[in-house]
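Coordinate analysis (summary)
Chain by chain, the residues:
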Amino acid sequence: MATAPERTRAPVYEGTRIPQPIPTVLRVPQELRDTGDVMTVNFGPNHPSTHGVLRLIVDLFGEDVVGLEAVIGYLHTGFEKNMEQKTWWKAITYAPRIDYLSFQNNELVFVLAAEKLLAMEVPEKASWMRTCLCELNRIHSHLVWLGTSALELGAISMFWYCFREREQILDLFELVAGYRMHTRYFQVGGLAEDIPSGFYPEARKFVDWMPHAIDDYEAMLTRNRIWLERTEGLGLLSTADAIALGQSGPVLRASGVDWDLRKIEPYLAYASVDFAVPVFSEGDVYARYRVHMDEMRESTRIVAQCLDRLETMDGLPWTADDRKVVLPPREELHTSMESLIHHFKIVTEGYRVPEGEVYVAIESPRGELGCYVVSDGGPRPWRVKFRAPSFVALQATATCMSDALIADMIAIVGSLDTVMGEVDR
Amino acid sequence: MTYEGVPGLVETVEQHGETTLVVDPARVVEAGMHLRDVEGFNFLSDVAAADYRGWASHGVAGYIGTASGRDLNAPMTQGYQALPKAKPKRFSVSYHLLSVSERPRRVRMQVWVDDGEAVPTVVPVWPTADWHEREAFDMMGIEFSGHPNLKRILMDDDWEGHPLRKDYPIGGEPVRFSEAE
């Protein structure tokens, strides 16, 4: 599980390339600095290829990148501090905004953490729908990654193709939750609303179409000479270095580790669906591209299986019947005094969550997304901390940048699939 | 699964299906080396610091939502009766460890420190701790002694205060280029 499938293959590189003594800063060797030809360039934070507001301080020797330091924090908005001030019920709204490309997954990890503290059972239908939406969200996130990363390397048409399918996914989210992004559709206990019946045929159309769309993308890139030359053998990261640097998700799987939390620690309905985990051992930008492409195919398969299952669940409960935590059905508010009281108490005061601390991790499109929450037994979380996979991925930039040219830097940073909202929180 | 061989182990807490190993802050590097090399926790997921200032100084209120607390007539289900269990010191630093191997498992290594006390850095054990520790320093003001590059990461270099501390006010940050400056 932890090692590459083919042990005989030569390692990506010998030894370690993690810079010393600071693992995240590539230092210019003194003898090179003494030549007087090293130029320090400030790259970002406002640059179209930095996926947001990443600043890189780059030392150049000709076109070679010989020194690099990443500076982050330009998008710090204090989500974690804000969530401490809100009741558990209201704090869910913050989670999706942390990573604006994989909002459903961020929402899910916070809701799962609260449910773990509450020891709450979630109805099967809600689990399947969560799985379905999280996989659609994974495709959405990968599409934005593919479109923008290819755009940065000059493949402008990819951007239009990817955003065409992205639009379809956002339409599906709008159909379900009323919002295109940051749906806040997951609640502690289940879903916020029942699944609209029109969702299934529309989602089917998408699932039937998506494999053809991926064929289109692959036809344009996978064997494209320019694409191969810009991505193969670049941004190398060995298995040992990837683990030491805490890399997860597609970056780890492109470095030859068969590791996917959906398989390792199955949550939601992942234990009951059939899917493969794509693993490539080359550890370069191209391998990361291949992982993303194959994952989109697998996610499409998972969505199809979820739809099969959900269609048999009409009329089943979509949220837990727990009046101390879950809002009562709307229509009961007109007829039941008790329901009105529950509604009022949950909305104004919030529900209490038992004292304790938990760490819940899920496989987000970018890797291990963790949520550490502490509760003092009151209606507000005492501490919320997100383990953002992008934050960790950026730590690998200095290691990946060995022997890179300035133009390759764009491809390498892009391949790590970072979302600055999540990095800076 | 027992972790009795971990150097500096103070106590083992089992809660919500998770194992927490509370260790002596002075021996955190030793404990980390042991957990990495002997127990196989080669992957550091996260370093999460928490500020417990004001914890247990007042009871917590709210509408109970636990499986065990459904009876409204039972004590502690309503009002201000519940008081959380006191914590040993002001700050906790939790290292969430994961074993990326044939036998995947998680454990939380935790140290407790007061304001001004330093924790030895674990960057030599897990290089990924670099930014995590910088974040804990920036947000909570916890020093990590021996860290190769301990400076602010999310806030400005000249920022005053540590925003995630409980005594840091919300809305209290200075507004740049405003009349009031």
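In this text the structure is predicted, and so the values were computed from the model without any measurement. (Residues numbered from 1 in each chain as written. Chains lettered and ligands numbered in written order. Predicted model: local features only at pLDDT ≥ 70, side-chain atom pairs only at ≥ 80, totals over all residues.)

Remarks on the overall build of chain A
A tally of helices and strands in chain A yields 18 helices and 10 strands. Along the first, second and third principal axes, the C-alpha atoms of chain A reach 80 × 45 × 40 Å. Across the 425 residues of chain A, 56% fall into the buried class. Of all intrachain contacts in chain A linking residues separated by at least 6 positions in sequence, the fraction that spans at least 24 positions is 70%. (Helix = DSSP H or I, 4+ residues; strand = E, 2+ residues; numbered from the N terminus. Buried ≥ 20, exposed ≤ 12 C-beta atoms within 10 Å, placed from the backbone. Contact = placed C-beta atoms within 7 Å.)

Brief notes about the packing of helix 6 (residues 124–152) of chain A against helix 13 (residues 285–311) of chain A
Residues and elements named next belong to chain A. Between helix 6 and helix 13, the shortest axis-to-axis distance is 9 Å and the interhelical angle comes to 155 degrees. By the angle class used here, helix 6 and helix 13 are roughly antiparallel. With respect to the hand of their crossing, helix 6 and helix 13 are arranged in left-handed fashion. Seen from helix 6, the contacting residues are Lys125, Trp128, Met129, Thr131, Cys132, Glu135, Leu136, Arg138, Ile139, His142, Trp145 and Leu146; seen from helix 13, they are His292, Glu295, Met296, Ser299, Thr300, Ile302, Val303, Cys306, Leu307, Arg309 and Leu310. The residue makeup of the contact of helix 6 with helix 13, split by class, is 13 nonpolar, 5 polar and 5 charged. (Axes fitted to C-alpha atoms, helices over the stretch in contact; angles between N-to-C directions. Parallel < 35°, antiparallel > 145°, perpendicular 65-115°, else oblique. Left-handed = near helix turned anticlockwise from the far one by under 90°. Nonpolar A, V, L, I, M, F, W, Y, C, P; charged D, E, K, R; others polar.)

Some points on the nonpolar core
Counting residues in each nonpolar core, the largest one holds 176 residues, and the members touching the most others are Val109(A), Ala113(A), Ala114(A), Val360(A), Met401(A), Ile412(A) and Ile142(B). Take this core: its biggest share by element is 13 residues, from helix 6 of chain A. With near-sequence residues (within four places) excluded, Ile142(B) lies in contact with Ala49(B), Phe91(B), Val93(B), Val113(B), Val119(B), Ala136(B) and Phe137(B). (Core = buried A, V, L, I, M, F, W, Y, C linked by C-beta atoms within 7 Å.)

Some details on the interface of chain B and chain A
In this assembly, 43 residues from chain B lie in contact with 57 residues from chain A. Where the side of chain B that touches chain A is concerned, the elements lending two or more residues are strand 3 (43–51), strand 4 (63–64), strand 5 (91–98) and helix 2 (129–140) of chain B.

Points about the confidence of the model for chain B
Residues and elements named next belong to chain B. For chain B, mean pLDDT is 82; residues scoring 70 or higher make up 82% of the total. Scored below 50 in pLDDT, residues 65–76 makes 18 contacts in the model with residues more than four places away or belonging to other chains. Quick note on the complex model: pTM equals 0.90, ipTM equals 0.87. (pLDDT = per-residue confidence, 0-100.)

As for the sheet that holds strand 9 (residues 367–375) of chain A
To summarise the sheet geometry, strands pair through backbone hydrogen bonds and adopt either a parallel or an antiparallel arrangement. Residue and element names in this part refer to chain A. The 3 strands lie next to each other as 8-9-10, forming an open sheet whose pairing is antiparallel. Bordering the open sheet on either side are strand 8 (356–364) and strand 10 (381–387), each of which pairs with just one other strand. Here the average twist between neighbouring strands, direction ignored, is 15 degrees. Note: strand 9 against strand 10, 6 bridges, orientation antiparallel. Bridge assignment links Val373 to a residue of strand 10, and that residue is Val384. Sheet contacts for helix 5 (residues 103–118): strand 8 and strand 9; angle to strand 8, the most-contacted strand, approximately 145 degrees. (Pairing = 2+ DSSP bridges.)

A word on the sheet that holds strand 3 (residues 55–61) of chain A
All names here are of chain A. Strand order in the open sheet formed by 4 strands is 1-4-3-2, and the pairing between neighbours is antiparallel. With one partner strand each, in any of the chains shown, strand 1 (25–26) and strand 2 (38–43) form the two edges of the open sheet. Pairing geometry for strand 1 and strand 4 (residues 64–71), over 2 bridges, is antiparallel. Each residue of the ladder has a partner; that of Leu26, found in strand 4, is Leu68.

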